[in-house]
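This is what each chain is made of:
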Amino acid sequence: RHRVNMGRQRVLFYLCVCCCFTAVLCGTGSSKPAESKPNIVLLFADDLGYGDPSCYGHPTSSTPNIDKMASEGLFFTQFYTGAPVCSPSRATLLTGRFHPRSGIYPGVFWPDDIGGLPHDETTIAKSLKTVGYSTAIVGKWHLGVGENNTYLPINYGFDYYMGIPYSHDMCPCPICFYPNVSCAA
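All of these numbers come straight from a predicted model, not from anything done at the bench.

S.K.: In this structure, what is going on with the environment of Thr150? I would like to understand it.
M.R.: Within the fold, Thr150 resides in the loop between strand E1 (136-140) and strand E2 (160-164). Residue classification places Thr150 among the partly exposed positions, given a relative accessible area of 28%. Separated by 34 residues in sequence, Thr150 and Gly116 place their C-alpha atoms 8.5 Å apart. Beyond its immediate chain neighbours, meaning those up to four positions away, Thr150 contacts His119, Val145, Asn155 and Tyr156.

Below, the structure written as structure tokens:
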């Protein structure tokens, strides 16, 4: 039981780190606050339950940064993921399409897979760039790598990517944070 709680705390810690890092990347770059676009931060975490952050009522988790974002922005109380596993659910979130339509089903991508999210898919990052947003993704991608990194996020409208291409237990190298450490090391 104690290990489960520590795992949740670790996930919540990394989620908070990603939120802070994303806020810095997408923060206040405009000198005209009245005309600036709102920041858009999507949090998508594996194995994080509805009731785990304190803003959703968890009695012992402390998630002050998530709580602050919830109090200052939109606070959703119902959300359905597109699939029960990583790759298809991420494809659904990023494209707004049911995952079989983008070819990402039924399972997940593995390090030795040669494919990835089709390049003709329109992602939320591509759409936001057309209206002047800067985009970043921090964390797990899990939508393919491909030869010469052809399926990584920078090829789908993201200006910046720091993270791992697969689940932490799948990466072919002990430390895997693109672009600083190659995934093929």
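This is not the end of the story, as more comes after the structure.
S.K.: Please clarify how the pattern of salt bridges should be interpreted in this entry.
M.R.: Between side chains of opposite charge, a pair can form as their charged atoms come close. In the structure shown here, the tally under the stated rule is three salt bridges. Notably, a salt bridge pairs Lys68 with Glu72, separated by 3.8 Å at the nearest N-O pair. Taken together, the residues Lys68 and Glu72, both in helix H2 (residues 64-72) and four residues apart, mark about one turn of the helix. Salt-bridge contacts for Asp159 lead to Lys129; the nearest nitrogen and oxygen are separated by 2.6 Å. Highlighted residues: Asp159 in the loop between E1 and E2 and Lys129 in helix H4 (residues 124-129), separated in sequence by 30 residues. Given a relative accessible area of 41%, Asp159 falls into the partly exposed group. We classify Lys129 as partly exposed; its relative accessible area is 35%.

S.K.: Explain a nonpolar patch on the surface to me, please; I cannot follow it from the model alone.
M.R.: Among the surface-exposed residues, Ile40, Leu42 and Ile124 lie close enough to one another that they form a single nonpolar patch of about 240 Å² accessible area. For Leu42, the position within the fold is in the loop between helix H1 (2-25) and H2.

S.K.: What's the story with the nonpolar core in this structure? I'm lost.
M.R.: Counting residues in each nonpolar core, the largest one holds 17 residues, and the members touching the most others are Ile104, Leu117, Trp141, Leu143 and Phe158. When sequence neighbours within four positions are dropped, the list of residues in contact with Leu117 reads Ala91, Thr95, Ser102, Ile104, Phe109, Thr123, Leu143, Tyr151 and Tyr156.

S.K.: Is there a simple way to think about helix H3 (residues 86-95) in this case?
M.R.: Two residues of an α-helix separated by three or four positions point the same way, owing to the 3.6 residues in each turn. For H3, a buried count of nine out of 10 residues is recorded, marking the element as mostly surrounded by other parts of the structure. Here H3 has its buried residues at Cys86, Ser87, Pro88, Ser89, Arg90, Ala91, Thr92, Leu94 and Thr95. Lining the buried residues of H3 we find H4 and E1. Looking one or two residues beyond H3, the residue adopting positive phi is Gly96, at roughly 75 degrees.

About the thresholds
- Per chain, residue numbering runs from 1 following the sequence as it is written.
- Residue-level local features of this predicted model are given only where pLDDT is at least 70; pairs of side-chain atoms are given and counted only at 80 or more, and the full residue set underlies all totals for whole chains, interfaces and linings.
- Just so you know, side-chain values use all the structure's heavy atoms and leave hydrogens and water out.
- Elements are defined by DSSP. Helices are runs of H or I of four residues or more, strands are runs of E of two residues or more, and each kind is numbered from the N terminus.
- Between buried and exposed lies partly exposed: a residue is buried under 20% and exposed over 50% of the maximum accessible area for its type, with that area taken using a 1.4 Å probe on protein chains only.
- Whether two residues are in contact is decided by their heavy atoms: any pair within 4.5 Å suffices.
- Just to be clear on terms, a salt bridge is a Lys or Arg side-chain nitrogen sitting within 4 Å of an Asp or Glu carboxyl oxygen.
- Patch definition: residues with relative accessible area over 30% and no salt bridge; like charges joined within 9 Å; nonpolar side chains (Val, Leu, Ile, Met, Phe, Trp, Tyr) joined within 5 Å.
- What sets the accessible areas is the Shrake-Rupley method with a 1.4 Å probe; for residues, cover comes only from the shown protein chains.
- Remark: nonpolar core denotes a set of buried residues (Ala, Val, Leu, Ile, Met, Phe, Trp, Tyr, Cys) joined through side-chain atoms within 4.5 Å.

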